[in-house]
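# Structure at a glance
So the chains spell out like this:
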Amino acid sequence: KLHKGPRPLLNSHNIEEQIEQIYRPNVKLPSGGSIVIDPTEALVAIDVNSGSTGKDKKFAETIFLANMEAAEELTRQLRLRDLGGLIVVDFIDMRSSANIRAVEKMVKDSMKRDKAKVAFERISKFGLMQISRQRMGAPIAARNYVTCECCKGRGIIRSVETQALTYLRQIQTGCARKNITTIRCHLPIEVSQYLLNNKRHELSDMERRYKVNISVEIDSSLKPAEANIEFLKET
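First, a word on scope: everything that follows refers to the structure included in this document.

Definitions and limits used
- Residues numbered from 1 in each chain as written.
- Predicted model: local features only at pLDDT ≥ 70, side-chain atom pairs only at ≥ 80, totals over all residues.
- Heavy atoms only, no water.
- Axes fitted to C-alpha atoms, helices over the stretch in contact; angles between N-to-C directions.
- Helix = DSSP H or I, 4+ residues; strand = E, 2+ residues; numbered from the N terminus.
- Parallel < 35°, antiparallel > 145°, perpendicular 65-115°, else oblique.
- Contact = heavy atoms within 4.5 Å.
- Nonpolar A, V, L, I, M, F, W, Y, C, P; charged D, E, K, R; others polar.
- Pairing = 2+ DSSP bridges.
- Core = buried A, V, L, I, M, F, W, Y, C linked by side-chain atoms within 4.5 Å.
- Buried < 20%, exposed > 50% of the residue type's maximum accessible area, 1.4 Å probe, protein only.
- Salt bridge = Lys/Arg side-chain N within 4 Å of Asp/Glu carboxyl O.

### Examining the packing of helix α6 (residues 160-175) against helix α8 (residues 200-210)
Contact geometry for α6 and α8: axes closest at 10 Å, N-to-C directions at 5 degrees. By the angle between their axes, α6 is roughly parallel relative to α8. Contacts between α6 and α8 pair Leu168, Ile171, Gln172 and Cys175 from the former with Glu202, Leu203, Met206, Arg209 and Tyr210 from the latter. Looking at side-chain class alone, the contact of α6 with α8 contains six nonpolar, one polar and two charged residues.

### Observations regarding the sheet that holds strand β3 (residues 44-49)
Strand order in the open sheet made by the six strands is β1-β2-β3-β4-β6-β5, with mixed pairing throughout. Looking at which strands have only one partner, the edges of the open sheet turn out to be β1 (26-28) and β5 (118-120). Sheet twist, expressed as the mean angle between neighbouring strand axes with direction ignored, is 20 degrees. Pairing between β3 and strand β4 (residues 85-90): four bridges, direction parallel.

### Here's the deal with the nonpolar core
Core analysis: the largest hydrophobic core is formed by 27 residues, its most contacted members being Ile35, Ile46, Leu74, Val89, Phe91 and Ile131. At the level of secondary structure, the elements contributing two or more residues to this core comprise β2 (34-39), β3, α3 (59-81), β4, α4 (97-111) and β6 (128-133). Of the residues forming this core, the biggest block, seven residues, is contributed by α3. Sequence-distant contacts of Ile46, defined by excluding residues within four places in its chain, comprise Ile35, Val36, Ile37, Leu74, Leu78, Ile87, Val88, Val89 and Asp90. Counting 18 residues, the second largest nonpolar core, distinct from the first, contains Tyr167, Tyr194, Val216 and Ile229.

### A short note on the environment of Arg7
Note that Arg7 resides in the segment before α1 (9-12). Along the sequence, Arg7 and Lys233 sit 226 residues apart, while their C-alpha atoms lie 63 Å from each other.

### A few points about the environment of Val89
Locating Val89 in the fold gives a position in strand β4. Exposure remark for Val89: the relative accessible area of 0% places this residue in the buried category. Spatially, the C-alpha atoms of Val89 and Arg177 are 54 Å apart, while their sequence positions differ by 88 residues. Non-local contacts of Val89, meaning those with residues more than four positions away in its chain, are made with Ile46, Val48, Leu74, Gly127, Leu128, Met129 and Ile131.

### Considerations on the pattern of salt bridges
Close approach of charged atoms allows side chains of opposite charge to pair. Tallied over the entire structure, the rule returns 11 salt bridges. A salt bridge links Arg208 to Asp205; the nearest nitrogen and oxygen atoms lie 3.0 Å apart. Of this pair, Arg208 and Asp205 both sit in helix α8, three residues apart, which is roughly one turn of that helix. When its relative accessible area of 55% is taken as the criterion, Arg208 is described as exposed. Within the structure, one salt-bridge network assembled from shared partners comprises Asp82, Asp114 and Arg133.

### Here's the deal with unusual backbone geometry
Note: most residues except glycine have negative phi, and most peptide bonds are trans. Non-glycine residue Asp82 carries a positive phi angle of around 55 degrees. Structurally, the position occupied by Asp82 is in the loop between α3 and β4. Non-glycine residue Lys211 carries a positive phi angle of around 55 degrees. A relative accessible area of 70% means that Lys211 is categorised as exposed.

The analysis is restricted to geometry; functional conclusions fall outside its scope.
As structure tokens, then:
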């Protein structure tokens, strides 16, 4: 069928949103729960959360429903994201043996659609299931994304205050060195503003005590975690 609409084909069928979703760590389940996918160096960790699933239902039924939905969705996400190696799934603890077997069967049945070789163990007494999936290639995220230059893949960076205090200690250490007369600090905007607004007294005190000239300059070209501090000696 020829697409003739004014909107792009993928956009008109909401495909773009679904493609973007496979890069997000959190995947919503139909009944309000979610699974969180966290690929690490050694394995892929998947955590199942009940969320608001069946608030008015019995607790055991709520947990069972969340685990059943997660069992089906996680196998789909493994295929979409092309995740391989060792995968550890942390299901919500269930007391009923029948419910545990049902969740295991759901995983097994859902895995039949996977072209990769898959093996899995039964859910342990801690609610963990280990899955081994054949690597078909590099994970899809590795082909379309690059490691963040600011956080280096950690997902977090130091707060402005923490960065500013770190540089303040470096400045103080440099002041104590012999023959240092000038310290030039080229820092990101927010870090520079924090030092000038909140630590001006400390900077002035170091200038007076060590008889050095300290200049803090804003450099908008620097990334949040970058800095350039020069310690100039007496010529």
